[in-house]
Amino acid sequence: MAIERTFSILKPDATRRNITGKVNALIEGAGLRIVAQKRVHLTRGQAETFYAVHKERPFFGELVEQMSAAPVVVQVLEGENAIARYREVMGATNPANAAPGTIRKEFALNVGENTVHGSDASETASVEIAQFFSGNEIVG
C-alpha cells in the first residue's frame, strides 16, 4: 500500500475538555503519524469556507457556529491508506453507531459535538491540508 496523507481536525468539544492528547494516542495507536499539528481558532469565515460543501444543509449554521466557538487542533496525518484508516478510527458520525474503541465512541458528546473531522478522499485531503498548512510546516 502507498503512504498517503489525510487531514484531521480535533473539534472544539475536544479542546474544551482537554482530551486532545487522548485522541492523538488513538490516532497514533492506529498506525498513523502526526506530521503537522497546530492549535487555531477558526473565524466564522474560515469555518464557512471549510464547510462550504454543506452550505445548503439545515445544520450548516450550527456547524459553523460550533467550529468557530473555541480553538481546534488541525493536523496532517500520514500512513498506509491513511484516509480510510483514519475514517475507521474516527468511527461513525453518530457516536451511538460508532464501534467500540473508536474516537467518536470513546469521546464524542453527540452527533454535533463528535470530536473529530477527517477527509473523505485524497482530493479533499489535499484541499483541506492546503487551507491550513504550507509545505514547510509538514514534517514527516
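Residues numbered from 1 in each chain as written. Predicted model: local features only at pLDDT ≥ 70, side-chain atom pairs only at ≥ 80, totals over all residues. Heavy atoms only, no water.

- The chain is annotated in an unreviewed UniProt entry as Nucleoside diphosphate kinase of Methylocystis bryophila.
- The UniProt entry for the chain carries this comment under Sequence similarities (unreviewed entry): "Belongs to the NDK family."
- Its UniProt record, at the heading Cofactor (unreviewed entry), says of the chain: "Mg(2+)". (UniProt positions renumbered as here; feature names shortened; annotations may be inferred.)

### Some thoughts on the packing of aromatic side chains
So, point 1. Taken as a whole and judged by the stated rule, the model has four aromatic pairs.
So, point 2. When the centroid spacing of 5.4 Å and the interplanar angle of 10 degrees are considered together, the rings of Phe-7 and Phe-132 count as stacked. With a gap of 125 residues between them, Phe-7 in strand E1 (residues 3–10) and Phe-132 in helix H7 (residues 122–132) connect regions that are remote in the sequence. Each of the two residues, Phe-7 as well as Phe-132, counts as buried.
So, point 3. Across the ring face of Phe-133, the terminal group of Lys-38 is positioned such that the distance to the ring centre comes to 4.9 Å. (Phe/Tyr/Trp six-rings, centres within 6.5 Å; stacked < 30°, edge-to-face > 60°. Helix = DSSP H or I, 4+ residues; strand = E, 2+ residues; numbered from the N terminus. Buried < 20%, exposed > 50% of the residue type's maximum accessible area, 1.4 Å probe, protein only. Lys NZ or Arg CZ within 6 Å of the ring centre and 35° of its normal.)

### A closer look at the UniProt feature "binding site: ATP" (unreviewed entry) in the chain
So, point 1. Mapped onto this numbering, the UniProt entry gives "binding site: ATP" (unreviewed entry) at Lys-11, Phe-59, Arg-87, Thr-93, Arg-104 and Asn-114.
So, point 2. Structurally, the position occupied by Lys-11 is in the loop between E1 and helix H1 (12–16).
So, point 3. Those residues in contact with Lys-11, other than ones at most four positions away along the chain, are Tyr-51, Gln-66, Met-67, Pro-71, Val-72, Asn-114, Thr-115, Val-116 and His-117.
So, point 4. Note that Phe-59 resides in the loop between helix H3 (44–50) and helix H4 (60–67).
So, point 5. A relative accessible area of 32% means that Phe-59 is categorised as partly exposed. (Contact = heavy atoms within 4.5 Å.)

### A short note on the pairing of strand E3 (residues 72–80)
So, point 1. Counting buried residues along E3, eight of its nine residues qualify, which places the element largely inside the surrounding structure.
So, point 2. Bridge analysis of strand E2 (residues 33–40) against E3 gives seven bridges, and the strand direction is antiparallel. For Arg-33, the partnering residue across the bridge sits in E3 and is Glu-78. (Pairing = 2+ DSSP bridges.)

### Description of the nonpolar core
So, point 1. Core analysis: the biggest nonpolar cluster contains 19 residues, and Phe-7, Ile-9, Met-67 and Phe-133 have the highest contact counts within it.
So, point 2. Breaking this core down by element, the ones donating at least two residues are E1, E2, H3, H4, E3 and H7.
So, point 3. The biggest single contributor to this core is H4, with four residues.
So, point 4. With sequence-adjacent residues up to four places away left out, Phe-7 is seen in contact with Phe-50, Val-74, Gln-75, Tyr-86, His-117, Gly-118, Ser-119, Ala-125, Glu-128, Ile-129, Phe-132 and Phe-133.
So, point 5. Of all hydrophobic cores here, the second largest spans 15 residues; its members include Leu-10, Val-23, Ile-27 and Leu-77. (Core = buried A, V, L, I, M, F, W, Y, C linked by side-chain atoms within 4.5 Å.)

### Details of the sheet that holds E2
So, point 1. Taken in spatial order, the four strands make up an open sheet running E2-E3-E1-E4, and their pairing is antiparallel. Strands with a single pairing partner mark the edges of an open sheet, and in this sheet they are E2 and strand E4 (116–118). This sheet shows a mean twist of 20 degrees between the axes of neighbouring strands, independent of strand direction.
So, point 2. Judged from the eight bridges that link them, E1 and E3 form a sheet pairing that is antiparallel. Its bridge partner lying in E3, Glu-4 is registered against Gly-79.
So, point 3. Contacting E1, E3 and E4, helix H5 (residues 82–90) crosses the sheet at an angle of about 35 degrees to E1. (Axes fitted to C-alpha atoms, helices over the stretch in contact; angles between N-to-C directions.)

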